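Secondary and tertiary structure notes
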Amino acid sequence: MFPLRRRPVSGRSGVEWTLLILAVGTTAGLATAAASFDPLSYVDPLIGSDNGGNVFAGASLPYGMAKAVADVNGQNTGGFATDGSQVTGFSTMHDSGTGGNPSLGTFPLFPQYCPNDVIDNCKFPIGDRAVGYVNSSVVATPGYFALSLESGIHAEMTTTEHAALYRFTFPETTNNGSALHPLVMLDLTDLAQSRQNASIGIDPSTGRIRANGTFLPSFGAGSYRSYVCVDFAGADVYDNGMWVNNRGGTEPKELFVTRGFNNFYLQAGGWVRFGRPSNGVLYARVGVSLISSDKACQNAEKEIPQPTSDFDRIRQAAESAWRKQLSPVSVQPGGASEDLQKMFWSAIYRTMLSPQDYTGENPLWESSEPYYDSFYCIWDSFRVAHPLLTILDPSSQSRMVRSLLDTYKHEGWLPDCRMSLCKGWTQGGSNADVVLADAFVKNLTGIDWELAYEAMVNDAENEPLEWSYQGRGGLMSWKRLNYIPYLDYDYLGFGTNSRSISRTVEYAYNDFCVATVGKGLGKDNYTTYLSRSNNWQNLFKPDQNSTINGTDTGFKGFFQPKYLNGTWGFQDPIACSPLAGFCSLTTNPSETFESSVWEYQFFAPHDMATLIKMLGGPDSFVARLNFFHTSGLADIGNEPVFLTVFQYHYAGRPGLSTARVHSYIPSSFNASRDGLPGNDDSGAMASFTIFSMIGLFPNAGQNVYLITTPFFESVSITHPETNRTATVRVVNFDPTYKNVYIVNATLNGQPYTKNWIGHEFFTQGMTLELTVGPSEEESTWGKAPEDLPPSLSSVLSSSVSTYEQGF
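Residues numbered from 1 in each chain as written. Predicted model: local features only at pLDDT ≥ 70, side-chain atom pairs only at ≥ 80, totals over all residues. Heavy atoms only, no water.

As recorded by an unreviewed UniProt entry, the protein chain carries the name Alpha-1,2-mannosidase and is attributed to Rasamsonia emersonii.

Spelled out as structure tokens, the structure:
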């Protein structure tokens, strides 16, 4: 399905829309919030800070490199957690919501008083110095984080783009009548204790600390070098020096450490003591860089010139930056609960923590293009996170796409996953292709589409030697057999030889995305990739059944692995589901990645019409989808499930999609600190929440949003580039959510029967009004064949003029 056709236009980035839906005029969205409304009052960065949400809860600017927070010794993948664990330090670089090992957290600072004011009594090692925090003292708001340690020290922090300012308040503690000297130490480590080597030096007069180290990425190959520069203000330097393991001294002032003998992890770093100021306040300014310690110092000096007076200014600037990011959105709650509003605004906030803008901090190549890092991972983010940014922040999303293409130019491949300047492990297909196609069909500007198509074709045609972290493996078989075989024989490249089912269905969709861009650019070879996009069908075994605890589920026809010779292998359809246990890429690889055959059987995003036919028709498909979501097979905490919540639309039952999303919100997604069902995955869970609540869910890579009933009476989004406001309004809105089924709809005042809409809704600023009622069965809205979302097979066979832009 290709709902839009493009043609070259001078003065544009090579392309222009021919719209599938006729323009019906524009209207300004209604102002739905009082002038005094402050969205930041509804942002809670602590949502998902427990139960494996792994969110970054600290201070950051939108897409900021500097991310300051307290690090704990519990669920510390994002640094901090509200799980009752202890604080081990305060560090300035983090990722948000990721899985795998803890990420970044390099060079943590730790404030303390040393017993009896003796250096050898200080608690230097991580295990010794860990201290609890006062639960009621935790404050997390956009651009600010604070807590009180049980030692009595209060810590606050705020950030600029490449620097953090910490404000430590030391209590007035005495020992035998003598004032103690506050100490701040720096540890040459990271959250995962992956340091390979590191250097540190201290200026004895000013206490300035400069350090650098080599660390390992949390979910990838290679290593990266990180640099830090720490300055102190507000107190006089008393003495300083180095520490190793549990001892410290005032000499030397420089130190180099390696991993240690037999990989023993040597703990080491530097420290500075101060005369306690009368108000107890000591400032630590921390600049970070991936270029050099000098650059780290320059970043700090430029962005925080006056540490003792800049704290409130920086915090206010961060709050202003976040208000601007949230400003395109307005909501008329209509009685929706405070918790739902908090969920919504907090989710928007979390989608803009990553990817992180490291432009100017990339030591790997010189370029005038943007450089973004922490695409962690695109398998998680292509489905909803990047489509959301395309709506709310198209300029930044365009810069991210340009960054992906610049990486291709200099490293030869589009990233599948990337963090800390390193290549991350590939989880499925070459899903940057989907990000590019999504940007293409939604007309993002400033992108070199010829280069983009070249990069996508490279993914589809050329196999890298090492495809565990880039490109696709098994392309010989993909081109010859039209599927990825179980136990494939592939001598062109090397990678984890597993995931034959999930790679097959993902490669098929990746090729559809290649064909989408190729067709739009007028490339003759797009038909090759269009043909390959049907390959997902080649692993469908129509007689395969599925049992749970020995009882047949009653459904036949599932994907199954297939050998090189065309004979069938077997994977239990419930394997890797919540009923059978999680499948890891490294510990128990299977033929589906992190999900079951049951879940992957619904992954044919471009040709749902064919899939529904293969699964027995609309009624059978709906029954199967209902069973999947009610039997415990669906893993709502992992991204492959997202689209399945809304795939009732393709069977002509859009009301069931609304009902299904209400079964997950707020039961699995809510405003509590354990309010996420899994890792936030760089804003993926957050983006699912937002799209679900505004009632427009994307099928990424296509110009399709599936319409459901919003959780608010009205939601408006002003497009940042066209400045036109799109509004979804619910007539007869019911905040008890009993009357949630759409019975009719109008678009700009005219009847609208389709159960989906295109991106022009946002760019042109349309108004969609949805009248709701209590019964799904009695509603006929969106159920007719002509009202269903387009599928590849229906487009190819259709003679209807609406589809003339497609195939």
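The next thing to look at is the side chain of Glu 156. Within the element layout of this structure, Glu 156 appears in strand 9 (residues 154-159). Only 2.7 Å separates the side chain of Glu 156 from the side chain of Tyr 144, close enough to count as a polar contact. Each residue touching Glu 156, except ones within four places of it in the same chain, is listed here: Tyr 144, Phe 145, Ala 146, Leu 165, Tyr 166, Arg 167 and Phe 311. (Helix = DSSP H or I, 4+ residues; strand = E, 2+ residues; numbered from the N terminus. Polar contact = N/O pair within 3.5 Å; in protein donor to acceptor, adjacent residues only side chain to side chain. Contact = heavy atoms within 4.5 Å.)

What follows is about the packing of helix 8 (residues 432-441) against helix 11 (residues 500-520). In contact at an axis separation of 9 Å, helix 8 and helix 11 are set at 35° when each is read in the N-to-C sense. Seen from above, helix 8 lies across helix 11 with left-handed handedness. Mapping the contact onto sequence places Asp 433, Val 434, Ala 437, Phe 440 and Val 441 in helix 8 and Tyr 509, Asn 510, Cys 513, Val 514, Thr 516, Val 517 and Gly 520 in helix 11. Its residues assigned to classes, the contact of helix 8 with helix 11 shows 8 nonpolar, 3 polar and 1 charged. (Axes fitted to C-alpha atoms, helices over the stretch in contact; angles between N-to-C directions. Left-handed = near helix turned anticlockwise from the far one by under 90°. Nonpolar A, V, L, I, M, F, W, Y, C, P; charged D, E, K, R; others polar.)

This part takes up the layout of surface pockets. In this structure, the largest pocket spans a volume of roughly 390 Å³. Taken together, 21 residues make up the lining of the largest pocket; nearest its centre are Gly 99, Gly 100, Phe 582, Glu 594 and Asn 679. The class makeup of the residues in the lining of the largest pocket is 7 nonpolar, 10 polar and 4 charged. Counting the residues that make up the lining of the largest pocket, at least three belong to each of domain 1 (41-324) and domain 2 (338-357 + 668-806). (1 Å grid on protein atoms, 1.4 Å probe; cavity = no way out; pocket = protein on both sides within 12 Å on 5 of 7 lines; lining within 4 Å. Points joined across faces, edges and corners; volume = space filled by probe spheres on them. Domains from an automatic or database assignment.)

This part is about the nonpolar core. Ranked by size, the top nonpolar core spans 225 residues in total, and within it Phe 80 and Phe 344 carry the most contacts. Considering each element in turn, this core owes the most residues, 10 residues, to helix 11. Summarising the domain contributions, this core has at least three residues from each of domain 1 (41-324) and domain 2 (338-357 + 668-806). In this structure, Tyr 144, Leu 165, Tyr 283 and Ile 304 belong to the second largest nonpolar core, which totals 11 residues. (Core = buried A, V, L, I, M, F, W, Y, C linked by side-chain atoms within 4.5 Å. Buried < 20%, exposed > 50% of the residue type's maximum accessible area, 1.4 Å probe, protein only.)

On the basis of which strands lie adjacent, the open sheet formed by 3 strands has the order 29-30-35 and antiparallel pairing. The two strands at the open ends of the sheet, each matched to only one other strand, are strand 29 (696-698) and strand 35 (756-757). Looking at chain direction, strand 30 (residues 705-707) and strand 35 are connected through 2 bridges and run antiparallel. In the sheet register, Tyr 705 faces strand 35, and the bridge partner there is Ile 757. Its contacts with the sheet put helix 17 (residues 684-694) on strand 29 and strand 30, and the angle it makes with strand 29 is roughly 135°. (Pairing = 2+ DSSP bridges.)

Residues annotated by UniProt as "domain: Glycosyl hydrolase family" (unreviewed entry) correspond here to residues 295-773. The distance from the first to the last C-alpha atom of residues 295-773 is 60 Å, and the span holds 38% helix and 14% strand. (UniProt positions renumbered as here; feature names shortened; annotations may be inferred.)

Once that is clear, we can look at the state of the cysteines. Note on terminology: a disulfide is the covalent bond linking the sulfur atoms of two cysteines. Counted under the stated rule, the structure contains 4 disulfides. Each disulfide pairs two cysteine sulfurs, and for Cys 576 the partner residue is Cys 583, the sulfurs being separated by 1.9 Å. Between Cys 576 and Cys 583, the S-S torsion sits near -75°, and that sign places the bridge as left-handed. Of the two residues, Cys 576 and Cys 583, both sit in the buried class. Between Cys 422, a cysteine without a disulfide, and Cys 417, which holds the nearest cysteine sulfur, the sulfur-to-sulfur distance is 11 Å. Cys 422 sits in the buried class, given a relative accessible area of 4%. Here Cys 513 is not cross-linked by a disulfide; its sulfur's nearest cysteine counterpart is in Cys 377, at 18 Å. (Disulfide = S-S within 2.5 Å.)

The end-to-end C-alpha distance of helix 15 (residues 618-630) is 18 Å, a good match for the 18 Å that 13 residues give at a rise of 1.5 Å each. Listed in full, the buried residues belonging to helix 15 are Phe 621, Val 622, Arg 624, Leu 625, Phe 628 and His 629. Seen along its axis, helix 15 keeps its buried residues to an arc of 165°; they face one direction. Among the exposed residues of helix 15, those pointing more than 90 degrees away from its buried face are Asp 619 and Thr 630. Phi turns positive, to about 95°, at Gly 632, one or two residues after helix 15. (Expected span 1.5 Å × (residues − 1). Arc of directions from axis to C-beta.)

The next point concerns empty space enclosed by the protein. For the coordinates displayed, the defined rule picks out 11 cavities of 30 Å³ or more. Counted as a void, the largest cavity has a volume near 110 Å³. What lines the largest cavity is a set of 14 residues, among which Phe 382, Arg 383, Phe 603, Leu 643 and Asn 699 lie closest to the centre. Residue composition of the lining of the largest cavity, grouped by class: 11 nonpolar, 1 polar and 2 charged.

Another aspect to go through is the pattern of salt bridges. The full count for this structure, using the stated rule, is 26 salt bridges. The partner of Arg 399 in a salt bridge is Asp 357, with the nearest N and O atoms 3.2 Å apart. Of this pair, Arg 399 sits in helix 7 (residues 394-411) while Asp 357 sits in strand 23 (residues 356-357), placing them 42 residues apart in sequence. Overall, the relative accessible area of 18% leaves Asp 357 in the buried class. Residue Asp 438 pairs with Lys 442 through a salt bridge whose shortest N-O separation is 2.9 Å. With a relative accessible area of 3%, Asp 438 lands in the buried category. With relative accessibility at 2%, the residue Lys 442 sits in the buried group. (Salt bridge = Lys/Arg side-chain N within 4 Å of Asp/Glu carboxyl O.)

The subject of this paragraph is the packing of aromatic side chains. On inspection of all chains with the given rule, the structure shows 45 aromatic pairs. Between Phe 602 and Phe 628 the ring centres are 5.3 Å apart and the planes differ by 50°, which places this aromatic pair in the tilted class. Taken together, the residues Phe 602 in the loop between helix 13 (597-600) and helix 14 (608-614) and Phe 628 in helix 15 connect sequence positions 26 residues apart. Each member of the pair Phe 602 and Phe 628 is classed as buried. Seen from their ring centres, Phe 711 and Tyr 737 are 5.5 Å apart, and the 45° between their planes marks the pair as tilted. Of this pair, Phe 711 sits in the loop between strand 30 and strand 31 (714-718) while Tyr 737 is found in the loop between strand 32 (725-731) and strand 33 (741-747), placing the two residues 26 residues apart along the sequence. Across the pair, Tyr 737 and Phe 711 agree in class, each one buried. Each residue in the set Phe 642, Phe 646, Phe 669, Phe 688, Phe 691, Phe 697, Tyr 705, Phe 761 and Phe 762 is aromatic and connected to the rest through ring pairs, giving one cluster. Its end group placed over the ring of Tyr 526, Lys 519 keeps NZ or CZ at 6.0 Å from the ring centre. (Phe/Tyr/Trp six-rings, centres within 6.5 Å; stacked < 30°, edge-to-face > 60°. Lys NZ or Arg CZ within 6 Å of the ring centre and 35° of its normal.)

In terms of residue burial, helix 8 counts as a mostly covered element, since 10 of its 10 residues are buried. Those residues of helix 8 lying buried are Ala 432, Asp 433, Val 434, Val 435, Leu 436, Ala 437, Asp 438, Ala 439, Phe 440 and Val 441. A positive phi of about 65° marks Asn 443, the residue just after helix 8.

Turning our attention to the domain arrangement of the protein chain. One frequent convention defines the size of an interface as the accessible area lost when the parts assemble. For the protein chain, the domain assignment lists domain 1 (41-324) and domain 2 (338-357 + 668-806). Once you take the C-alpha centre of each, domain 1 and domain 2 turn out to be 41 Å apart. Opposite the 31 residues of domain 1 that make contact, domain 2 presents 26 residues. Between domain 1 and domain 2, a total of about 2,500 Å² is buried, with carbon and sulfur atoms accounting for 53% of that surface. Contact with domain 2 buries area across many residues of domain 1, yet Tyr 42, Ile 47 and Tyr 63 alone supply 33% of it, more than any other trio. (Buried area = accessible area lost by both parts, 1.4 Å probe.)

Mapped onto the elements of the fold, Val 457 is located in helix 9 (residues 449-461). With 58 residues separating them along the chain, Val 457 and Ala 515 place their C-alpha atoms 9.3 Å apart. For Val 457, the residues in contact, after removing those within four places along its chain, are Asn 462, Val 514 and Tyr 529.

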